[in-house]
Amino acid sequence: MSDDKKIGSYKFIAEPFHVDFNGRLTMGVLGNHLLNCAGFHASERGFGIATLNEDNYTWVLSRLAIDLEEMPYQYEEFTVQTWVENVYRLFTDRNFAIIDKDGKKIGYARSVWAMINLNTRKPADLLTLHGGSIVDYVCDEPCPIEKPSRIKVATDQPCAKLTAKYSDIDINGHVNSIRYIEHILDLFPIDLYKSKRIQRFEMAYVAESYYGDELSFFEEEVSENEYHVEIKKNGSEVVCRAKVKFV
């Protein structure tokens with residue numbers, strides 16, 4: 001199979017209700033598009049969630065790193081491409097390219113996924129699933145951005161707290177991975193978004209949280225324009241960590 005056939009390509013439009021006050025696509029919506037494209041690409045190759053659910057498995061996002069030169073503007077068409085870079089026993093690396101209306105690549109993303117058993121919540125062996133045929137879709141397409149990094153937060157003083165509500169919960173019954181992104185970006189004042197844009201955003205998912213959990217946010221500026229954020233549930237357990245770099 002040629003590499004061209006291993007790459008999925010999906011077109012979108014930056015709808016008015018998907019952009020922020022600058023008229024640019026929001027990071028949360030872009031993240032949703034990336035995850036949807038991962039789903040489309042996997043489904044077209046027999047590894048989609050609907051098929052996996054029949055055998056009591058599902059995909060779980062572990063890491064996500066997005067690097068951007070710019071965001072699509074309101075009403076602009078753009079394309080997301082996605083492909084599988086590596087398959088290991090318990091994880092798979094999936095990459096993305098974001099392409100503007102003129103065909104220019106304006107951003108890339110890297111992600112790490114695990115497949116879990118819905119009953120035990122433990123990882124499945126990807127190399128035995130469907131006879132190991134998932135490795136047939138590994139592609140050499142370059143993704144010229146850094147891999148997700150280690151994120152550390154030293155502060156023990158929360159800067160915000162909220163309780164997980166109805167709109168936070170997804171079909172799996174836990175707080176949606178994109179809702180964490182939106183809550184994290186709400187920590188920063190709007191004046192920051194008036195003068196700067198997000199150049200790089202990383203998420204590392206550690207544990208699940210559920211309806212009614214109290215989420216505490218710990219934020220630290222580790223260098224100029226770079227912030228690390230940690231979210232804990234119910235005062236103790238780390239749920240996820242993020243890195244946000246503005247430019």
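Starting from 1, residues in each chain are numbered consecutively following that chain's sequence as written. A pLDDT threshold of at least 70 governs which residues receive local features in this predicted model, and a stricter bar of 80 or more applies before side-chain atom pairs are shown or counted, although totals over entire chains, interfaces and linings include all residues. To obtain the side-chain values, all non-hydrogen atoms of the structure were included, while hydrogens and water were left out.

In the nomenclature of an unreviewed UniProt entry, the protein is known as Acyl-ACP thioesterase of Bacteroides fragilis CL07T12C05. UniProt positions are given in the numbering used here, feature names are shortened, and annotations may be inferred rather than shown by experiment. In its Sequence similarities (unreviewed entry) section, UniProt records this for the protein: "Belongs to the acyl-ACP thioesterase family."

A. Summary view of the packing of aromatic side chains. Two rings from Phe, Tyr or Trp (for Trp, the six-membered ring) form a pair when their centres are within 6.5 Å of each other. A pair whose planes differ by under 30 degrees is stacked, one over 60 is edge-to-face, and the rest are tilted. Taken as a whole and assessed by the stated rule, the structure comprises 7 aromatic pairs. Note on Phe188 and Phe246: the rings are 5.3 Å apart at their centroids and 75 degrees apart in plane angle, and the pair reads as edge-to-face. Separated by 58 residues along the polypeptide, Phe188 in the loop between α4 (177-185) and α5 (190-195) and Phe246 in strand β10 (residues 237-246) bring together distant segments of the chain. Grouping residues by exposure puts Phe188 and Phe246 together as buried. Counting every residue linked through ring pairs, the aromatic cluster contains Phe188, Tyr193, Tyr227 and Phe246. Only DSSP runs of H or I with at least four residues qualify as helices, and only runs of E with at least two residues qualify as strands; both kinds are numbered from the N terminus onward. Accessibility here uses a 1.4 Å probe with only protein chains present; expressed as a share of the type maximum, an area under 20% marks a residue as buried, one over 50% as exposed, and anything in between as partly exposed.

B. Looking closely at the packing of helix α2 (residues 27-44) against α4. One way to put it is that α2 packs onto α4 with a least axis distance of 9 Å and a crossing angle of 160 degrees. With respect to each other, α2 and α4 are oriented roughly antiparallel. Considering how the two elements wind past one another, α2 and α4 form a crossing that is right-handed. Residues Met27, Gly28, Gly31, Asn32 and Leu35 of α2 form the contact with α4, whose own contacting residues are Ser177, Ile178, Ile181, Glu182 and Leu185. Any residue that is not Ala, Val, Leu, Ile, Met, Phe, Trp, Tyr, Cys, Pro, Asp, Glu, Lys or Arg is counted as polar, Gly included; the first ten are nonpolar and the last four charged. Of the residues that constitute the contact of α2 with α4, the class distribution is 5 nonpolar, 4 polar and 1 charged. Axis definition: a line fit to C-alpha positions, over the contact stretch in the case of helices; interaxial angles, taken between N-to-C directions, run 0 to 180 degrees. Note on terminology: angles under 35 degrees are roughly parallel, angles over 145 are roughly antiparallel, angles of 65 to 115 are roughly perpendicular, and the others are oblique. It is the rotation of the near helix from the far one that decides the hand of a crossing: anticlockwise by less than a right angle makes it left-handed, clockwise makes it right-handed. When checking whether two residues touch, look at their non-hydrogen atoms; a contact exists if any pair is within 4.5 Å.

C. Spotlight on the pairing of strand β7 (residues 198-205). Of all 8 residues in β7, 7 are buried; the element is thus mostly enclosed. In this analysis, strands are considered paired if DSSP registers two or more bridges between them. Sheet topology note: the β7/β10 ladder contains 7 bridges and is antiparallel. The partner of Arg200 across the bridge, within β10, is Lys245.

D. Up close: the layout of surface pockets. Taken as a whole, the largest pocket holds about 1100 Å³ of empty space. Of all the elements in the fold, those that place two or more residues in the lining of the largest pocket are α2, α3 (49-54), β2 (57-68), β4 (92-99), β5 (105-117) and α4. Of the residues forming the lining of the largest pocket, the biggest block, 8 residues, is contributed by α2. Looking at the lining of the largest pocket residue by residue, the classes come out as 24 nonpolar, 14 polar and 5 charged. The distinction between a cavity and a pocket rests on a 1 Å grid over the protein atoms alone: a 1.4 Å probe fits inside a cavity but cannot get out, while a pocket stays open yet meets protein on both sides within 12 Å along at least five of seven lines, and a residue with an atom within 4 Å of a point counts as lining. Grid points are joined across faces, edges and corners, and a volume is the space filled by probe spheres set on the points. Here the second largest pocket defines a volume of roughly 650 Å³.

E. Looking closely at the domain arrangement of the protein. A domain assignment, automatic or from a database, supplies the domain bounds used here. The domain architecture assigned to the protein consists of domain 1 (1-135) and domain 2 (158-244). The centre of domain 1, based on its C-alpha atoms, is set 20 Å off from the matching centre of domain 2. Contact with domain 1, which involves 18 residues of that partner, is made by 19 residues of domain 2. Take the accessible area each of two parts loses on contact, using a 1.4 Å probe, and add the two losses: that sum is the buried area. Counting each side, the surface lost to burial between domain 1 and domain 2 is near 1600 Å², with a carbon and sulfur contribution of 53%. Looking at the side of domain 1 facing domain 2, the largest losses of area belong to Phe21, Met27 and Leu64, adding up to 29% of the total buried there. In the sections that follow, a salt bridge refers to a side-chain nitrogen of Lys or Arg positioned within 4 Å of a carboxyl oxygen of Asp or Glu. The tally of links between domain 1 and domain 2 comes to 2 salt bridges. We note a salt bridge from Arg200 to Asp67, for which the minimum N-O separation is 2.7 Å. Throughout this description, a polar contact denotes any pair of N or O atoms lying within 3.5 Å of each other; where both atoms belong to protein, one of them has to be capable of donating a hydrogen while the other can accept it, and for residues adjacent in sequence the pair is counted only when both atoms sit in side chains. The interface formed by domain 1 and domain 2 contains 9 residue pairs in polar contact (both at pLDDT 80 or more). Listed by contribution, the elements that provide at least two residues to the side of domain 1 that touches domain 2 are α2 and β2.

F. Structural context of the side chain of Thr92. Topologically, Thr92 is positioned in strand β4. Using a relative accessible area of 5% as the deciding quantity, one classes Thr92 as buried. Within the local environment of Thr92, its side chain forms a polar contact with the backbone oxygen of Asn86, the two atoms lying 2.8 Å apart. Those residues in contact with Thr92 that sit more than four places away from it in its chain are Trp59, Val84, Asn86, Val87, Ser111, Val112, Trp113 and Leu126.

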